[in-house]
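Chain and residue survey
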Amino acid sequence: MQKNWMSLAISGLSTMALSAALVACGGDKDEPAASVPSADKFFNRTATFTVCSQIGASCEADEVTAAEIVAASEDGMTLVYSNSPKGEIGFVDISDVKVPKALGALAMGGEPTSVTVLGAHAIVAVNTSPSFVAPSGKLVVVDIAARKMVAEIALPGQPDSIARSKDGKYLAVAIENERDEDLGDGAPPQLPGGSLVIVDVAGAPGTWKTRTVDLAGIATLYPSDPEPEYVAINDDNVAVVTLQENNHIALVDLASGKLIRHFSAGTVDLTQVDLTDAPRPNQVSFTQSQAGRLREPDGVTWLSKTRFATANEGDLNGGSRGFTVWNSEGNVVWDAGNTLEHLVARVGHYNDKRSDAKGNEPENVAFGRFDGTDYLFVASERSSVISVYDMSRPDVPAFKQVLPTALAPEGVLAIPSRKLLIVASEADDRASLVRSSLNIYQYQTAAPAYPTIQSADRADGTPIPWSALSGLAAAPTGSTVYAVDDSFFRGNRIFEIDTARKPAQLQREIRVTDPDRRIAALAALLPAAKDANAFDATDLAAMVNADGTVNLDPEGISVASDGGFWIASEGAGTVGEAARPVLSANLVFKLTATGVIQEIIQLPAEVNAKQQRFGFEGIAESNGRLVVAFQRAWAGEARPRIGVYDLAARTWQFMFYPLDAVASPNGGWVGLSDITAMGNNQFMLVERDNQGGPDARIKRLYRIDLSGQADGAVLTKTLVRDLLPDLKLAGGNVVEKIEGLARLANGEWLIVNDNDGVDDGANSGETLLIRLGQLSGG
């Protein structure tokens, strides 16, 4: 990590200016006592509140809901969050941080965009605009205890962000008057422009007065159309306002309403980043550069009276993939450069589908002092993590830890009085297994629970990027396991992971290659195609990349008894279905220890003729046989197959596995994932549904015995463990795909989930390598 902290150039900032900025950051006599680093305290997740539980405790409604910005009552016991899709704010009781409780919601008469708390009241910024060219809005003052509106205050446009002063004298509202992104090319200027509204808080809420600060003409970019995005207030009642599309920052004195200072957010020269979108072979590669990238900051937070930090999300033409620390003179003190990109790759959260856009996309920042230590929290919207930095040296943020969140974190709130951090994740789509959530973390004297896997560096000093772990196998001795990634990146690798370390270290990547053209040789063995959708030589050619790496769909891996590996590659497509033509067959590959394909095993033609798109999932070698688990039943069959391949005789035998019935209120299906040999013809399998979060019902380990089983037999199974309690211990939404299962030489069992390559808009990237210990009956 440390090798690349400053592998960037700060555009427009001379060495002398940078030195002056650093000196200016030394603090002053009015600042609080110096922050002291803590080596034994970390943040860990205690619970996740799914917003859909406001509709019904079991979260069985398909209705889209969200938590975007979150605030807390003065005592820190009640959360209030904005819910834009439903036009309401929600309330949550967090008196017990392990069991948050729904307290209901209140309609706002418009779209709530932000919320803060002042005394007994929640102050909600509400967009009431009938159109982009006629923006309007209001502040709604809500009695938190009674959950009733007590006053409304008209605003001169569409609000985006609201902040309160520490002394309670002022509110500041960023009036964005957002542009119509579907109008022309969506670029500014699109009038009317935005402004900053100051609310003088005196007397009853109905008597509060507003003042407007004109921000037009200050930015170099689109000066006639300022678009304030976010606002924060320091202890001197100075508001810092980010104008994202204008790539500009303004400081406003709230008492006088005067503009103190304004300046460009500048640019960053990025190095060792990936600018190429997935999918393509050869994975993520941090070998590209991007000069003069506009920061275009979004969220902002004060770190002291003289320093603040911005999350450089980007919008039109920018986004520097990091965050910046500034002093109040407008000088850059520190910039994250490429380090957030490398961090999320190291922990399996890199979203490769955003490589050509804005990468991890830092959305927001927050600050808090916990037990004498200052922390900065940075939310990465597209990688769904919170990066935590110790700010004890305010000019050099020190990475502390990374926290997983539900998909798309937006609002971040520190509650130091209760040692809590709250993060609102806004994405919600039940069909995609995504539920908007409030993530709750506690500052504890305990080791960090996340990540469960992190990678070592490549030779160039960048981290080994990884995700989409679809199988797991243990080495014959020691604590090493091997994982394999699936088809997401179209260039397959085996990962060597040392589980003796905490977090487990992914220490080596082995590329799967086909230098001897064994895949191409399969063409001669293919049966004559019966229709245009049949698997053919063209499909085989697509399985090999130009550089010799392969594009398979490995779903299972087993360590071969004679060295190397077996991998089970799932076929793509369904026989006879034009919408899902067969593009690849289900194949078993024997690999050397260096990943070279040695042998390919096919299914019998009569079995291939039944292919459905849910094929090979797990593979295990035991007593001279390979045992392969099919995920679901194939054409004309009621149960999925367990395939047994005799390595000496080169013959197949098939039994059938009895799946549990679907139990999720969201429907879906139940199928098999990984399989692991236990000895004596016994095997452990993962059986799971395709549901996550509150809809998950079946995540189980079953044991089967193949002794004396004849071809075509229906197997019996024995439940060994219900995995749902293990998955819920992590405090987050239950992950869907448990696709890896392994037993170490000491008898300890491990499971891991597949995060789908952090597929944009559908997976948060959270990967849980869970130690189950030794299992009774396992």
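Our subject is the structure listed above.
Residues numbered from 1 in each chain as written. Predicted model: local features only at pLDDT ≥ 70, side-chain atom pairs only at ≥ 80, totals over all residues. Heavy atoms only, no water.

Considering the overall build of the protein
- The helix and strand tally for the protein stands at six helices and 51 strands.
- Over its C-alpha trace the protein gives a radius of gyration of 28 Å, about what one expects of a compact globule, namely 28 Å for 778 residues.
- Evaluated residue by residue, the protein yields a buried proportion of 61% over its 778 residues.
- Long-range pairs, those at least 24 residues apart, make up 56% of the contacts in the protein with a sequence separation of at least 6.
- Here the protein has roughly 27300 Å² of accessible surface; of this, 50% comes from carbon and sulfur atoms.
- Taken as two groups, the 66 positive and 97 negative side-chain charges of the protein have centres that lie 5 Å from each other. (Helix = DSSP H or I, 4+ residues; strand = E, 2+ residues; numbered from the N terminus. Rg over C-alpha atoms; globule rule 2.2 N^0.38 Å. Buried < 20%, exposed > 50% of the residue type's maximum accessible area, 1.4 Å probe, protein only. Contact = heavy atoms within 4.5 Å. Areas by Shrake-Rupley, 256 points an atom, 1.4 Å probe, with all protein chains shown as cover. Lys, Arg positive; Asp, Glu negative; His and termini not counted. Charge placed at Lys NZ, Arg CZ, Asp CG, Glu CD.)

Some details on the sheet that holds strand 10 (residues 148-155)
- Across the sheet, four strands lie side by side as 7-8-9-10; this open sheet has antiparallel pairing. Only two strands of the sheet have a single partner each, and these edge strands are strand 7 (111-118) and strand 10. Pairwise comparison of adjacent strand axes, ignoring direction, gives a mean angle of 20° for this sheet.
- Examined bridge by bridge, strand 8 (residues 121-127) and strand 9 (residues 137-143) share seven bridges and lie antiparallel to one another. Paired with A125 across the strands is L139, a residue of strand 9. (Pairing = 2+ DSSP bridges. Axes fitted to C-alpha atoms, helices over the stretch in contact; angles between N-to-C directions.)

A few points about the packing of aromatic side chains
- Considering all chains together, one arrives at 24 aromatic pairs under this definition.
- An angle of 80° between the planes, with centres 5.2 Å apart, marks the rings of F616 and F630 as edge-to-face. One end of the pair, F616, is in strand 41 (residues 616-622); the other, F630, is in strand 42 (residues 625-630), with 14 residues separating them in the sequence.
- Its relative accessible area of 0% is what places F616 among the buried residues.
- In textbook terms, an aromatic cluster arises when at least three aromatic residues are bridged by ring pairs, as seen for F616, F630, W634, Y645, W652 and F654.
- One Lys or Arg, K717, reaches over the ring of Y702 and ends 4.1 Å from the middle of that ring. (Phe/Tyr/Trp six-rings, centres within 6.5 Å; stacked < 30°, edge-to-face > 60°. Lys NZ or Arg CZ within 6 Å of the ring centre and 35° of its normal.)

As for the sheet that holds strand 51 (residues 769-773)
- Here we have three strands laid out as an open sheet, ordered 49-50-51, and antiparallel in their pairing. The sheet is open, and its two borders are formed by strand 49 (738-743) and strand 51, each paired with just one other strand. Adjacent strand axes in the sheet meet at a mean angle of 20°, parallel and antiparallel pairs treated alike.

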